[in-house]
Amino acid sequence: MTTHIRAVTNSRTLRQSNGGWLRPAPTLAALTLTSALLVGCTSSGEASGEQSATSAGLRSDQATSQSVANVSDRSMTVEEAVAQNHDYWTVDEDVRAAQQPQTITLKDTGAAISSSSSGVSIEPGAVTITAAGTYTVTGTYQGQLVVDAGDDAQVTLVFDGVTIDNTEGPAVLLTSADGVEVQLAAGSQNSISDAATYAEDADEDAALFSHVDLNITGEGSLEVTGNGSDGIASKDDLVITGGSLTVTAADDGLRGKDALVITGGDVDVTSIGDGLKTTNEDEADRGYFLISDGNVTVQAGDDGLDVISDALFSGGTVTVTGSVEGVEAQNILVGGGILDVTSSDDGLNATVGSTTTEETADAATDTQTDTADAATAARGAGQTGGQMGGASMGDDGSNLVLYGGTVTIDAQGDGIDSNGNLTISGGEVTVFGTSSGGDGAFDANGTFTLSGGDVLALSAGQMEQTPSVVEQAFVSTTASGSETVTITANNAALRDTATPRAFGYVFYSSPDLAEGDVVTVSTGSSSVEATATLEGGAMGMGGPGQMGGQGQMGGQGQMGEPPSGTMPEGGEPPTGEPPAGGPGGGTPEQMGGTSDQT
């Protein structure tokens, strides 16, 4: 297994926020993984255009107050999590309607203003908007479009056939305003591109860079080329409510400091760094991602989504076609929509990270020393298994909750990994895990709860974890295949799924299963029968034909005596050849104990 660590610049204390997530004081700096590329508001929320959970396109019957369920029951919804975070900015339509429209016609080296407005100034290489208003911008320009209108100004830019290329920095720079709306006029095609390089300490380093809240909307298209670094970046909120955006970036595609929110539109991101990212490490109710509608496609050289706090999915479609980590956040909630992730490492990874201050570094060193001593003592006592549950990395307070929608994971690391709690209570979940061993379909350092959902996971079978709290029957069994798997119970086919690669282990759970049901797992070349169980908590390989429940190996945190009892019903060894490194090909050290890595 691969250990994922986020470096934290100072100590972080877990605290309870409004009775909900146990969220540490965020001062997080993401540890960057290098990879080649695979191809200002007023005090009143209403007055300043702050958006509530109810008006964000989420179901109003689920929007709640700040008083939410305690994190210990892991029943929080996306809407409840949104209520804990700060309200993101949207344009005040009444203010916009009262503004006198202005027109800016760009030229190759300058601009012609259609009125004598004092709200626009022209200097060599820059056209600057200095007053609130609505400005329709057309034409081609070699230079920079700037909004510097003052902290109380609301500015709307209507792009209607705009091409801006700036070889000296950002093509569009928003320096001061209450907030800026970029409207893409219906049917229009627009493009912006920036400098090829930036200084290492450059503060403004994106093709469209904003120091203020930014909302992109409309029915046209915008092509963004971040030649030197990021595509679109905001130091406040970045909100996309419409339009068709194509972003290519030398580093991150879309970056919102306080929030990155998508409630509509089509977004296509290709980036060498992270695809979508939030960065606020200093305020507990910021640094979140939310999608409630729209379509997002990401091809990333690093993480598909790298989120400081909460990654929230209530609708829309997110497709990560390539990444290192698919989605990484402190808390991940999926309550609706479609999430399809392909990753070279973990598909979904909920993690708080570890601290790097002197005090916390010493504590981590002590823990590692104790872990090594415990493992040595266990080996001296004749216990087997290379991984010891009692020496596992602890529950870090993160949460990964799947309760709705459709989730498909194709991962070469852990499929679904939480350094804290993992809860599956609804939706349709499909995990294609690693075929080489060392990782598993599911990995949770805290409590792994299964209470609902239609859940299928295929993996190598060397490091598999079953739920520790089980409210819905499941089967987990050795079964080798490489093309399809069919799950049948009570004379009904429950799943028939094609797989992208070889597997040696199958996990399945459904509301249609009851404890004691005999389930047939067919892989094309062979069939295995297993009995549905409500017993879980196993890690590693179990008895022939069944993993977890009956025939599981070892107790919590260690492997010692062989499993007691008789072979489970349907426990004949599976036929067919397992994949390389799969079941039967591993050593005892590869096959047991609770993992201490994620």
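Attention now moves to the overall build of the chain. Check the secondary structure of the chain and you find 4 helices and 46 strands. Put simply, the chain has 598 residues, and 57% of those count as buried. Carbon and sulfur atoms make up 46% of the accessible area of the chain, which totals about 21700 Å².

For the rest of this paragraph, the subject is unusual backbone geometry. A positive phi angle is found at asparagine 490, which is not glycine, with a value near 55 degrees. Within the secondary structure layout, asparagine 490 lies in the loop between β42 (484-489) and β43 (492-498). Residue asparagine 491 is not a glycine yet carries a positive backbone phi of 65 degrees. Checked against the element boundaries, asparagine 491 lands in the loop between β42 and β43. Residue classification places asparagine 491 among the exposed positions, given a relative accessible area of 82%.

This part is about the nonpolar core. Counting residues in hydrophobic clusters, the biggest one holds 83 residues, and the most contacted among them are Leu157, Phe313, Leu348 and Phe442. Setting aside chain neighbours within four positions, we find phenylalanine 442 in contact with Ile416, Leu422, Ile424, Val431, Phe448, Val455, Ala457, Gln465 and Phe507.

This next bit is on the pattern of salt bridges. For the coordinates displayed, the defined rule picks out 11 salt bridges. In this structure, aspartate 203 engages lysine 235 in a salt bridge whose closest nitrogen and oxygen atoms are separated by 3.0 Å. Pair noted here: aspartate 203 is in the loop between β16 (189-193) and β17 (206-210) and lysine 235 is in the loop between β20 (230-234) and β21 (237-240), with a separation of 32 residues, a long-range link. For lysine 235, a relative accessible area of 30% puts it in the partly exposed group. Salt-bridge contacts for aspartate 285 lead to arginine 286; the nearest nitrogen and oxygen are separated by 2.9 Å. Given the relative accessible area of 26%, aspartate 285 is considered partly exposed.

Our focus in this paragraph is the sheet that holds strand β46 (residues 527-531). Across a sheet, strands are paired by hydrogen bonds formed along the backbone, either parallel or antiparallel in direction. Pairing is antiparallel across the open sheet formed by 4 strands, whose spatial order is β43-β42-β45-β46. Among the strands making up the open sheet, the edge pair consists of β43 and β46. Across this sheet, the average inter-strand angle for adjacent strands is 20 degrees, counted without regard to direction.

When pLDDT is averaged across the chain, the result is 78; 69% of the residues are at 70 or more. Note on residues 1-73: pLDDT is under 50 here. Beyond four places in sequence and across chains, it has 202 contacts. Every residue in residues 541-598 is under pLDDT 50, and counting partners more than four places away or in other chains gives 142 contacts.

Most of strand β39 (residues 448-459) is tucked away: 11 of the 12 residues are buried. In this structure, strand β37 (residues 421-432) lies alongside β39, joined through 9 bridges in parallel fashion. In the strand pairing of β39, isoleucine 424 is matched with leucine 450. Where β39 and strand β40 (residues 469-470) come together, 2 bridges link them in parallel fashion. Paired with threonine 449 across the strands is valine 469, a residue of β40. The pairing of β39 with strand β44 (residues 503-509) spans 5 bridges and is antiparallel. Within β44, the position partnered with leucine 456 by the bridge is tyrosine 508.

So, how was this worked out
Residues numbered from 1 in each chain as written. Predicted model: local features only at pLDDT ≥ 70, side-chain atom pairs only at ≥ 80, totals over all residues. Heavy atoms only, no water. Helix = DSSP H or I, 4+ residues; strand = E, 2+ residues; numbered from the N terminus. Buried < 20%, exposed > 50% of the residue type's maximum accessible area, 1.4 Å probe, protein only. Areas by Shrake-Rupley, 256 points an atom, 1.4 Å probe, with all protein chains shown as cover. Core = buried A, V, L, I, M, F, W, Y, C linked by side-chain atoms within 4.5 Å. Contact = heavy atoms within 4.5 Å. Salt bridge = Lys/Arg side-chain N within 4 Å of Asp/Glu carboxyl O. Pairing = 2+ DSSP bridges. Axes fitted to C-alpha atoms, helices over the stretch in contact; angles between N-to-C directions. pLDDT = per-residue confidence, 0-100.

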